[in-house]
Structures are given as C-alpha cells and as structure tokens.
Amino acid sequence: MRNKILITGGSGMVGHAVQHTEPCGIESKYLSSKDVDLRDFNACDEMFRSVQPTHVIHLAARVGGVKGNYTHMAEFFRDNILINTNVLECAKMHNANKLVSLLSCCIYPDGAPLPLQEKDLHNGEPHYTNYGYAYAKRMIEVQSRAYNQQYGTNFICLIPTNIFGKHDNFDIENGHVIPALIRKIHAAKLKNETAIIWGDGSALREFTYADDVALALWWALFNYDGEPINIGSNEEVSIKYLVECICESLDYYKIEWDISKLSGQARKPIDKSKFAQLTSLPSTSLKDGVSKTVAWYLDNFPNVRA
Ligand code: NDP
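No experiment lies behind these values; they were computed from the predicted model shown.

Draft legend 1. Local environment of the site of the ligand. Of all residues adjacent to the ligand, which total 29 residues, the nearest are Ser-11, Ser-33, Tyr-133, Lys-137 and Arg-305. Within the contact set of the ligand, an oxygen atom lies 2.8 Å away from a side-chain nitrogen or oxygen of Lys-137. In the complex, 88% of the free accessible area of the ligand, which totals 910 Å², lies under the protein chains. The residue inventory of the shell around the ligand, partitioned by class, reads 14 nonpolar, 10 polar and five charged.

Laid out in structure tokens, this is it:
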C-alpha cells in the first residue's frame, strides 16, 4: 500500500518547514485548524476516516510564549490534552502505521540535572509559568507508551530545543524569544528608536532552525522506532550573540540592555548524544537561520503572524 502522510499543524511554523523539506514522491495532507478543530473528537474522527493516513506527523498544538502560557494556563492544558487525545486515538482507530509527535525541551522538570536527559522527562514539576502546556505535552509520551503497550501501535516522540524560522509568530508579547526580538528590533528601526532588551544577554540557550527539525521528523517517521529522543542544534549561544545576529540581519544596532530585568536561567542545554549516535543530519547555524528568518520576515512584513 502506498504511504499517505497526514501532518496536523501543517499551517504552523514547523508544518511549513515539514512541507518545504518533504521527500519526493510522498502523498501528504497538511491540516490547519480551519480544516478541522482537533479538539472535537467527531471532527477529528471524520477527518481520519476521509484521509486514511498510513503515517502521521502530529504538530498541532496551542503554542505560545511565557506570557500566553501563564495567562491562559487552563486553556493551554485543556486544548492540548483534547487535541493530543483525539489525534492519537483516531490514529489507532484508523490503523495508522506510525505517528511522530513533537514534545518540547520546555516541558522538562524545573531544576532537572543539566544537560537535560530523556530519562528525566517526568522526574519533577515543570516550571510554574507553563505547567498547563507542559503536563499536556508530557501526556503525549504517556499516551503513546500506553497505546504501544496495549494496542501494538508505533507512536514515538521527539523532544526539540526552542525552534525558530519562517512563518513563526512574531508577536512581541506572545511570541517566542527569536521572533519577538526580530519584531522588536525591526519596530525600533522603523521609528529610529532604541530597542530595549530585557536582561544582560548572558543567558545561554539552544535554538534549532525549523527546517532542521523538519528533517529530523522525516528521518524519525521512516527510520526511528523507540523511546522519546532529544533533537536539535548543538550550538549553545548567549542571548547577546543572538541579538547581534538579529541586528546584523536587520542592519540596525541601536539597542540597550535593561539589566534591572531578569535574564532567565543561566543555561538549559539538552543532551542530544542519543540522536547524534543515530544520525548525522545537517545543522543550520544560528547566524544563517536568523538571516533566513529575517529575510523572510522583511519580505512578508506587515503580513506576518503577530
Ligand atoms: P504554530 O503555532 O506555528 O502552529 C500550530 C499549528 O497547530 C497550526 O497549524 C495551527 O493551525 C494548529 N492548531 C492549533 N490549534 C488547533 C486545533 N484546535 N485544531 C487543529 N489544529 C490546530 O506552532 P509550531 O509550528 O511552532 O509548533 C509545532 C509543534 O512543535 C507543536 O506541537 C509545539 O508544541 C512544538 N514545539 C514548538 C517549539 C517552538 O519553539 N515553536 C519548541 C518545541 C516544540 P492554524 O494555523 O489554523 O492556527
């Protein structure tokens, strides 16, 4: 039987990257929330009945930055639990051979030993600012494991670092750090003002370009059956370096650090040694990824998601 791949969350940042990196000869269906509200079991069931996928890349989620997660804690929990429960149940009911879900490094326990290792995923409370989203995401791993055990399904999970790229949400308050900084510095450039950046830029973080995550998803869909696995770039960079890359791409350098504001946890690296042993996929440098993302942002401004 010919493979048919269903991509939930196909209209989002990672969904676009999955489409952009799709291998030749694949039959695929990319979904947005406008095609089907996956919180609704009957609608989800109907969609699976009509598409009949052999494989699923499950990306659909209610996603947001720190403020959105904290302010809408219950909604992030409820929406994500409903989406995931319905998608995994329908994939089982309609006999999909394989399902790959994306978890996130931000769901690891607060204060877990560094670098973050897959074995510690459930060993403690997530950070208080995002526990609704984090517990809902952790339940994908539990549901996948339980379904594999009881029904013999092949549902697996990847755990990426922070992701960035084209089609991201560039909202200053609700976006993730890279798109929010791009928007902020670009807005300052348009008004010839100084962009004020929180903290002192010393915190270290890992960011992965969306196309690299997409390649890992395609690899996992056809080549990896096993326990949840950390994925992402090996580059750990300071926020200061990140801001320098954005300034260079935007050709605007009037920024000021507000050191009265918190800089965040000093570092949160994840251990990607298992992934590195299994495959050697290409890795886009932060500088190149930021440059491509800013170019896309400028081409599409003001019609960007925000
Ligand atoms: P986006 O916000 O860009 O995309 C979310 C996608 O989910 C969109 O296609 C959206 O559809 C869809 N969606 C949301 N709610 C529903 C719903 N009720 N029914 C059907 N579809 C829905 O997210 P990303 O691409 O950034 O994230 C993709 C995955 O990667 C998510 O699972 C996320 O948790 C995970 N991830 C993301 C990280 C990041 O830094 N961005 C980091 C780690 C993991 P529509 O376009 O119609 O709104």
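We are not done yet, so read on.
Draft legend 2. Region of the structure containing the sheet that holds strand β9 (residues 229-231). Ordered by their spatial adjacency, six strands build an open sheet running β2-β1-β3-β4-β5-β9, and the pairing between neighbours is parallel. The open sheet is flanked by β2 (27-30) and β9, the only strands paired with a single partner. Direction aside, neighbouring strands of the sheet carry axes that sit 20° apart on average. Examined bridge by bridge, strand β1 (residues 4-8) and β2 share four bridges and lie parallel to one another. Looking at β2, one finds that Lys-4 is bridged to Glu-27. Packing of helix α5 (residues 131-151) onto the sheet brings it into contact with β4 (98-102) and β5 (155-160), and relative to β5 it is tilted by some 155°.

The rules we used
Numbering of residues starts from 1 in every chain and runs along the sequence as written. Reporting in this predicted model follows two pLDDT cut-offs: at least 70 for local features of residues, and 80 or more for side-chain atom pairs to be given and counted; totals over whole chains, interfaces and linings ignore these cut-offs and use all residues. Side-chain measures here rest on the full set of heavy atoms in the structure, leaving out hydrogens and waters. For this description, a residue counts as near a given molecule or strand if any of its non-hydrogen atoms is within 4 Å of it. Identification of polar contacts relies on pairs of N or O atoms within 3.5 Å, with a donor-acceptor requirement for protein atoms, meaning one able to donate a hydrogen and the other able to accept it, and with residues adjacent in sequence counted only if both atoms are side-chain atoms. Here the accessible surface of atoms and residues is derived via Shrake-Rupley with a 1.4 Å probe, and residues count as covered only by protein chains that are part of the display. Gly is placed with the polar residues, together with every amino acid not listed as nonpolar (Ala, Val, Leu, Ile, Met, Phe, Trp, Tyr, Cys and Pro) or charged (Asp, Glu, Lys and Arg). When DSSP finds two or more bridges between two strands, those strands count as paired. Starting at the N terminus, helices and strands are each numbered in turn, a helix being any DSSP run of H or I of at least four residues and a strand any DSSP run of E of at least two. Axes here mean lines fitted to C-alpha atoms, for a helix over just the part in contact, with angles spanning 0 to 180 degrees between N-to-C directions. Whether two residues are in contact is decided by their heavy atoms: any pair within 4.5 Å suffices.

The values are spatial; any link to function lies outside them.
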